[in-house]
Amino acid sequence: MAIHQAILPSVRLETLPKATVDIFITIIEADGIEGCIASGSIAASAALIDAGIEVFGLVVSTSAAIIGEEAWLDPTEQEASNSKGTFVLASMPALGTITSLWQNGAITPNQLLSCMDTCEKQCTEMHAIVAQTLRETVS
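Everything quoted here is computed from the prediction, not taken from an experiment.

Novice: Is there a simple way to explain the state of the cysteines in this structure?
Specialist: Should the sulfur atoms of two cysteines be covalently bonded, the bond is a disulfide. Inspection of every chain in the model, using the stated rule, returns zero disulfides. A disulfide-free cysteine, C123 has its sulfur positioned 6.5 Å from the sulfur of C119, the nearest such atom. Relative accessible area serves as the criterion here: at 0%, C123 is assigned to the buried category.

Pasting the structure below:
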């Protein structure tokens, strides 16, 4: 459901009246649910674009955990369980839009804002890489 919520705002639903689109994701190895949600969101968005389905933009996602006073990106399952809280942010950096936020645990407002900023920067970096890869596959 979290992946669905992350990519749904990017899909141009008006171009698909009365249609359904199914995306199946197989996770071969996982070290925490946060990473699965983040990587699954990127994979699903890239698959939609590769399939020629019209979208507003590429969705990229990253996860973080608050450990001490720092935000650690892409936490392992053990790091997430030892943290104050975890966070997954999905966005369309090219449009400056956040499509989904998922937070678990006790995170203070200042930690949340700091974590969001860190995750948004990471998403922007990942967007450039994924978008370039998609452009190369089309060429």
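Now that the structure has been shown, we can carry on.
Novice: Is there a simple way to think about a nonpolar patch on the surface in this case?
Specialist: A cluster of nonpolar side chains, contributed by V21, I23, I25 and I27, occupies part of the molecular surface with about 300 Å² of accessible area. Position of I25 relative to the elements: it lies in the loop between helix 1 (2–7) and helix 2 (33–50).

Novice: What is the right way to read the pattern of salt bridges from this model?
Specialist: Here the idea is simple: oppositely charged side chains can pair when their charged atoms come close. Enumeration over the complete set of coordinates arrives at four salt bridges. In this structure, the salt-bridge partner of R12 is E14, at a minimum N-O distance of 2.9 Å. Owing to a relative accessible area of 26%, R12 belongs among the partly exposed residues under this scheme. Here K121 makes a salt bridge to D117, at a shortest N to O gap of 3.3 Å. Taken together, the residues K121 and D117, both in helix 4 (residues 109–138) and four residues apart, mark about one turn of the helix. By relative accessible area, which is 52% here, K121 ends up exposed. Taking relative accessible area as the criterion, D117 reaches 37% and is therefore assigned partly exposed. Through salt bridges with shared partners, a single ionic network connects R12, E14 and E54.

Novice: How should empty space enclosed by the protein be read in this particular structure?
Specialist: One water molecule sets the probe size; rolling that probe over the atoms shows where empty space is left. Per the stated rule, a full pass over the model turns up one cavity of 30 Å³ or more. Within the residue set of the lining of the largest cavity, elements represented by two or more residues are helix 1, helix 2, strand 3 (85–92) and strand 4 (97–105). Split by residue class, the lining of the largest cavity holds six nonpolar, three polar and no charged.

Rules used throughout
- Residues numbered from 1 in each chain as written.
- Predicted model: local features only at pLDDT ≥ 70, side-chain atom pairs only at ≥ 80, totals over all residues.
- Heavy atoms only, no water.
- Disulfide = S-S within 2.5 Å.
- Buried < 20%, exposed > 50% of the residue type's maximum accessible area, 1.4 Å probe, protein only.
- Patch = residues over 30% accessible without salt bridge, like charges linked within 9 Å, V, L, I, M, F, W, Y side chains within 5 Å.
- Areas by Shrake-Rupley, 256 points an atom, 1.4 Å probe, with all protein chains shown as cover.
- Salt bridge = Lys/Arg side-chain N within 4 Å of Asp/Glu carboxyl O.
- Helix = DSSP H or I, 4+ residues; strand = E, 2+ residues; numbered from the N terminus.
- 1 Å grid on protein atoms, 1.4 Å probe; cavity = no way out; pocket = protein on both sides within 12 Å on 5 of 7 lines; lining within 4 Å.
- Points joined across faces, edges and corners; volume = space filled by probe spheres on them.
- Nonpolar A, V, L, I, M, F, W, Y, C, P; charged D, E, K, R; others polar.

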